[in-house]
Amino acid sequence: MARVIAFDYGTKRIGIAVTDPLQIIATGLTTVHPKDVVEFLKNYMQTEQVELFIVGEPRQMDGTASQSAPHVKGFITILKKAFPGIPVEKIDERFTSKMASAAISQSGLKKVDRQNKALVDTVAATIILQSWMERRGFLGLY
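Everything quoted here is computed from the prediction, not taken from an experiment. (Residues numbered from 1 in each chain as written. Predicted model: local features only at pLDDT ≥ 70, side-chain atom pairs only at ≥ 80, totals over all residues. Heavy atoms only, no water.)

Draft legend 1. Region of interest: the overall build of the protein chain. A count of helices and strands for the protein chain gives 5 helices and 5 strands. Here the protein chain holds 142 residues, and 40% of them are scored as buried. In the protein chain, of all internal contacts separated by at least 6 residues, the share reaching a separation of at least 24 is 62%. Total accessible area on the protein chain stands at roughly 8200 Å², and carbon and sulfur atoms take up 54% of it. (Helix = DSSP H or I, 4+ residues; strand = E, 2+ residues; numbered from the N terminus. Buried < 20%, exposed > 50% of the residue type's maximum accessible area, 1.4 Å probe, protein only. Contact = heavy atoms within 4.5 Å. Areas by Shrake-Rupley, 256 points an atom, 1.4 Å probe, with all protein chains shown as cover.)

Draft legend 2. Inspection of unusual backbone geometry at higher detail. Of note in the backbone geometry, Gln23 takes a positive phi value of approximately 60 degrees without being a glycine. By relative accessible area, which is 2% here, Gln23 ends up buried.

Draft legend 3. Focus on the packing of aromatic side chains. A complete count under the given rule lists 5 aromatic pairs for this structure. Between Phe7 and Phe53, the ring centres sit 5.5 Å apart and the planes meet at 65 degrees, which makes this aromatic pair edge-to-face. Taken together, the residues Phe7 in strand 1 (residues 3-8) and Phe53 in strand 4 (residues 50-57) connect sequence positions 46 residues apart. Centre to centre, the rings of Phe53 and Phe83 are 5.6 Å apart; their planes meet at 75 degrees, and the pair counts as edge-to-face. Separated by 30 residues along the polypeptide, Phe53 in strand 4 and Phe83 in the loop between helix 2 (69-82) and strand 5 (88-92) bring together distant segments of the chain. Neither residue differs from the other here; Phe53 and Phe83 are each classed as buried. Site record: aromatic cluster; members linked through ring pairs are Phe7, Tyr9, Phe53, Phe75 and Phe83. (Phe/Tyr/Trp six-rings, centres within 6.5 Å; stacked < 30°, edge-to-face > 60°.)

Draft legend 4. View of the pattern of salt bridges. Across all of its chains, the model carries 4 salt bridges by this definition. Of the charged contacts in the structure, one is a salt bridge between Arg3 and Glu48, with a shortest N-O distance of 2.8 Å. Of the two residues, Arg3 sits in strand 1 while Glu48 sits in the loop between helix 1 (37-44) and strand 4, which places them 45 residues apart along the sequence. Judged by its relative accessible area of 25%, Glu48 falls in the partly exposed class. Of the charged contacts, one joins Asp36 and Lys35 as a salt bridge, the two residues approaching to 3.1 Å between their closest N and O atoms. Residue class for Lys35 comes out exposed when judged on its relative accessible area of 65%. (Salt bridge = Lys/Arg side-chain N within 4 Å of Asp/Glu carboxyl O.)

This is the structure in structure tokens:
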């Protein structure tokens, strides 16, 4: 099997999370600047096989697209052009940043570390990936 990569897209940073090759565990990988993401992925994929990209889709409370949706749509276009053999799925990302901030605040990290926005983006990407895995039935197999 191959890994699945999830993205929490932002215009300043993209949080990235990845599954293990068996797609059992979601782990935060890093954050990268949007202009560097294609190069980062090309380097990553020289050593790791990836079969799917998951992109968090920003939505309003009523389910309509948020104001950042056009940026995410452009990001998806870039992914599809740079990696035409890898499908892209979108998943609702409402509340992931708030959930990430809450998880970090409960982690026992120092205040300066809890305020690290890059960490929030990476954890949000991990939550997006876990949500996708739960929807697909990869978690809770027992």
